[in-house]
Amino acid sequence: MGKIWLITQREYLSRVLNKTFILTTLLTPLGFMIFFIVLGFIMNTGSDKVKNIVVADRTGILEGELKSRDNLVFDFKDLPLNQLFSLYEKGEVVGILELSSAPDTMQKKYIVQYYSDDQLGIDEIFSIEKAIGKKVRNFKLKAQKLDENIIASLDTEVTIEPKTIKKDKNITSLTTIVSSVIGGIVGYALFFIILLYGSQVMRSVMEEKINRIIEVLISSVKPFELMMGKVMGVGLVGLTQIGIWIILIPSLFFLGTMIFGIDLNAVQSLPASGAAEEVLNQQDKIIQILAELKGLNWWKILPLTLIYFFLGYFAYSALFAAVGSAVGEDINEAQSLTMPIMLPLIFAVYIGFSAVQAPDSSLAVYASMTPLLSSIVMPVRLPFDPPFWQIIISLASLIIFTIFLVWMAGRIYRVGILMYGKKASFKELGKWLFYKD
Amino acid sequence: MESVLSLQGIVKKYHNHVAVNNISFEVEKGTIFGLLGPNGAGKTSLIRIITRITAADEGTILINGEKLHGLHPEKIGYMPEERGLYKKMKVGEQLIYLAQLKGLPYREAKQKLTVWMKKFDILTWWDKKISDLSKGMQQKVQFIATVVHEPSLIILDEPFSGLDPINANLIKDEIFALKEKGTSILFSTHRMEQVEEICEKIILVNNGQKILDGNVQQIKQSFKENLFSVKYEGLPDTSSLEGFGYKIIENKNNTLLLKLDSDTSPNNLLKKLMENGLEIHHFNEVLPSLNDIFIKQVEQNNG
């Protein structure tokens, strides 16, 4: 045990103190921050050049007023077209918008002419269409002698409010959404982490085999100890990196907001009208979401997710270690051998996504109790409060299977690390399983 | 004398061939023992069994009289033929790690390593990365890693391959010094000239089997072919020497190589030569080199 710890320590320290690790750990969140800043910038600066458009409203529908994007300035001139064309030719306006006749109240389609040799941006077209659409609607309401408030009251927002019958847990409409988001994020993160650090274990095993230190090492420690030490060391590196990111990313995000004064609401590009109301609404939503988050069974979700992570990581990275031991310098060979490891991992993440939408579907339920799949699918289902017995079966089968996989990987590893020049086929690996020591 | 390592009837089979077939030998305390054989003879298989990297199918191994067990690797220092170190790790860190794996506590490891590195005049490399060192330098580091935990048995697999003569001598001197301190050394090689120089006892294996073993001098005696070499002055013509209980094999550069019949004594030969007016400057018995014995035995064994 003492030697496993020594190996774990070396694997951990040699990685964590490495410049590349420090750089990637620090730069990744910075990269994210820059990404969001750039994204916000792009979103905000679609409109830069002011465009003057002259509007010839022959109908009076617009009532001398049209509001769309900030960079579009509308000038109302009820002049004949040829005079307007001369304005265009002088370069005073970029185009002419003409509403030649008013629509019929029952008319579903309404055509407005835009004269110009240059095209408007698609966003600009949409926003003008929308703005005119609003005016046409008002015009129709007036023509029908209808009150706008009554019309508005016809639109009703329907929300299904779930109520439990036996469980004394308070479920609201937001619960499902929050659970889905949390489940989805957890599932994807688990997939990513297992893949990333599992393949690091593989590369590290290959390195030891290629530079031949392996023989020195296993004349001092048992191959199994070496493998376990490596798996644990790399796993701890993963936890450290994620831990740093969990702290760093939100604080950098916060810092970025402070320094660059990015208005988060602006990034979401709320419509100008009724902005204050929307913000209030948003704040309300955030408070509700926070309440939902608080309402989740964190004392159950967090430790169980961690347990699933560890079991899944151990099972997969032991398999990666076995593959690493079986191949030599040939990375292509490694790729074909990792396929069977990747497949359950990829299936698991897709089943996880479907489990977000239908957490109680039989696919999700059975997958969350099938080892190798369960380490990702069950954590996705955890926020939806799956029955206790399913968690028990899932955990028990995963633990047993993980022990079996680690044992199996250890058997392959112990033979593989000393095997040079032999092509590692699955048949060959199968034979190694049954080699005597 | 007490044996540090004792192998009794070791057999190791792989699925389609026998790598080691009933091999027994003893390495006594404070001696250098040669494990010889051509490539693929089963030397590495034997070493891996002794270092507990693999296990034998049959037979027993005793270390200091005890059956081989899990703590014994700490009493063994092993330098494999294919050297290997972590390329990106610093020399000092790496040596401390390897020593710790052999059971040395950190402080003791550091202190002992400092002594060794001073001895090899490489203390300034402590913070250098292995990848920055030349191959010969890496060999020195590897040697220190093998011996720092003061094992009672050191196994060296082709320790001089890739070393320049200066560094080879340095390592050779250290091997002798360790032997003087009572360390036993198992020296595996196919380079015979080194064996003659270094080893007291040897075992020669081929195709997993023992071909011969014993004391180096005794082996050479038992394989001698009554060859004598004579360096002389004067004698234009060898015809006058013929027909007397010996054969002339070669006459080159004033040196005769003669094979005596079994009933002819060297004294009689000398007498005869002098009678023929030869002035003898040098006279010695030519013992077969281990290399010759090795090649002959292996060829016989394979044929």
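Structure: above.
Residues numbered from 1 in each chain as written. Chains lettered and ligands numbered in written order. Predicted model: local features only at pLDDT ≥ 70, side-chain atom pairs only at ≥ 80, totals over all residues. Heavy atoms only, no water.

Visitor: Just to check I follow, could you spell out a positive patch on the surface for this structure?
Guide: Together, Lys19(A), Lys88(B), Lys90(B) and Lys129(B) give the surface a local cluster of positive charge. Mapping Lys88(B) onto the fold places it in the loop between strand S6 (76-79) and helix H2 (91-101). When its relative accessible area of 68% is taken as the criterion, Lys88(B) is described as exposed. (Patch = residues over 30% accessible without salt bridge, like charges linked within 9 Å, V, L, I, M, F, W, Y side chains within 5 Å. Areas by Shrake-Rupley, 256 points an atom, 1.4 Å probe, with all protein chains shown as cover. Salt bridge = Lys/Arg side-chain N within 4 Å of Asp/Glu carboxyl O. Lys, Arg positive; Asp, Glu negative; His and termini not counted. Charge placed at Lys NZ, Arg CZ, Asp CG, Glu CD. Helix = DSSP H or I, 4+ residues; strand = E, 2+ residues; numbered from the N terminus. Buried < 20%, exposed > 50% of the residue type's maximum accessible area, 1.4 Å probe, protein only.)

Visitor: Where do I start with the interface of chain A and chain B in this structure?
Guide: Interfaces are frequently sized by the accessible area removed from exposure as the parts join. If you look at the interface, chain A gives 23 residues, while chain B gives 28 residues. Taken together, both faces of the contact between chain A and chain B bury some 2,400 Å²; the carbon and sulfur share is 59%. It is Arg10(A), Glu215(A) and Ser219(A) that lose the most area in chain A upon contact with chain B, and together they represent 25% of the buried surface on that side. Where chain A touches chain B, the interface holds three salt bridges. Here Glu82(B) and Arg212(A) are joined by a salt bridge, their closest N and O atoms 3.9 Å apart. Of all the elements in the fold, those that place two or more residues in the side of chain A that touches chain B are helix H1 (2-16), helix H6 (173-210) and helix H7 (214-218) of chain A. (Contact = heavy atoms within 4.5 Å. Buried area = accessible area lost by both parts, 1.4 Å probe.)

Visitor: Help me understand the pairing of strand S8 (residues 184-189) of chain B in this model?
Guide: Look at any regular strand and the pattern is simple: side chains alternate between the two faces of the sheet. All names here are of chain B. Of all six residues that make up S8, six are buried, and the element is covered over most of its length. Burial along S8 is two-sided: Ser184, Leu186 and Ser188 and Ile185, Phe187 and Thr189, pointing in opposite directions, are all buried. With five bridges joining them, strand S3 (residues 32-36) and S8 adopt parallel strand pairing. Bridge assignment links Gly34 to a residue of S8, and that residue is Phe187. (Pairing = 2+ DSSP bridges.)

Visitor: Help me understand the environment of Phe294(B) in this model?
Guide: Residues and elements named next belong to chain B. If you trace the backbone, Phe294 turns up in helix H9 (residues 290-302). The spacing of Phe294 and Asn206 is 88 residues in sequence and 9.9 Å in space, taken between C-alpha atoms. Discounting chain neighbours no more than four positions away, the residues touching Phe294 are Gly37, Pro38, Met192 and Leu204.

Visitor: Would you mind showing me how to read the sheet that holds strand S12 (residues 246-252) of chain B here?
Guide: Across a sheet, paired strands are connected by hydrogen bonds in the backbone, their directions being either parallel or antiparallel. All names here are of chain B. Strand order across the open sheet formed by four strands is S12-S13-S11-S14, with antiparallel pairing between neighbours. Unpaired on one side and paired on the other, S12 and strand S14 (279-286) mark the two borders of the sheet. Averaged over neighbouring strand pairs, the angle between their axes works out to 20° when direction is ignored. Bridging between S12 and strand S13 (residues 255-260) involves six bridges; their strand directions are antiparallel. Note on S13: the bridge partner recorded for Lys247 is Lys259. Packed onto the sheet, helix H8 (residues 266-275) meets strand S11 (227-233), S12, S13 and S14 and runs at close to 155° relative to S14. (Axes fitted to C-alpha atoms, helices over the stretch in contact; angles between N-to-C directions.)

Visitor: So what exactly am I meant to see when it comes to the packing of H2(B) against helix H3 (residues 106-119) of chain B here?
Guide: A packed helix pair is summarised by two numbers, namely the angle formed by the two axes and the spacing between the axes. Residues and elements named next belong to chain B. Viewed as axis vectors pointing N to C, H2 and H3 meet at an angle of 125°, and their least axial separation amounts to 9 Å. Classified by the angle between their axes, H2 and H3 sit oblique to one another. The handedness of the crossing between H2 and H3 comes out as right-handed. In this structure, H2 uses Val91, Leu95, Ile96, Ala99 and Gln100 to contact H3, whose residues at the interface are Tyr106, Ala109, Lys110, Leu113 and Met117. (Parallel < 35°, antiparallel > 145°, perpendicular 65-115°, else oblique. Left-handed = near helix turned anticlockwise from the far one by under 90°.)

Visitor: Teacher, can you tell me more about the nonpolar core here?
Guide: Buried together is how nonpolar side chains tend to be arranged in soluble globular proteins. Among the nonpolar cores identified, the biggest contains 146 residues, and Leu5(B), Phe25(B), Phe143(B), Ile144(B), Leu186(B) and Ile202(B) are the most heavily contacted of them. In terms of residues, this core owes the most to one element, helix H11 (residues 298-326) of chain A, which gives twelve residues. The residues touching Phe25(B), leaving out its near neighbours within four places in the chain, are Leu5(B), Ser6(B), Leu7(B), Phe33(B), Leu46(B), Leu186(B) and Ile203(B). Among the nonpolar cores identified, the runner-up in size contains 14 residues, and Val55(A), Phe74(A), Ile132(A) and Val136(A) belong to it. (Core = buried A, V, L, I, M, F, W, Y, C linked by side-chain atoms within 4.5 Å.)

Visitor: In this structure, what is going on with the side chain of Ser374(A)? I would like to understand it.
Guide: Residue and element names in this part refer to chain A. Mapping Ser374 onto the fold places it in helix H14 (residues 374-381). Its relative accessible area of 0% is what places Ser374 among the buried residues. Beyond its immediate stretch of four places on either side in the chain, Ser374 contacts Tyr308, Ala367, Ser368, Met369, Pro379, Ser394 and Leu398.

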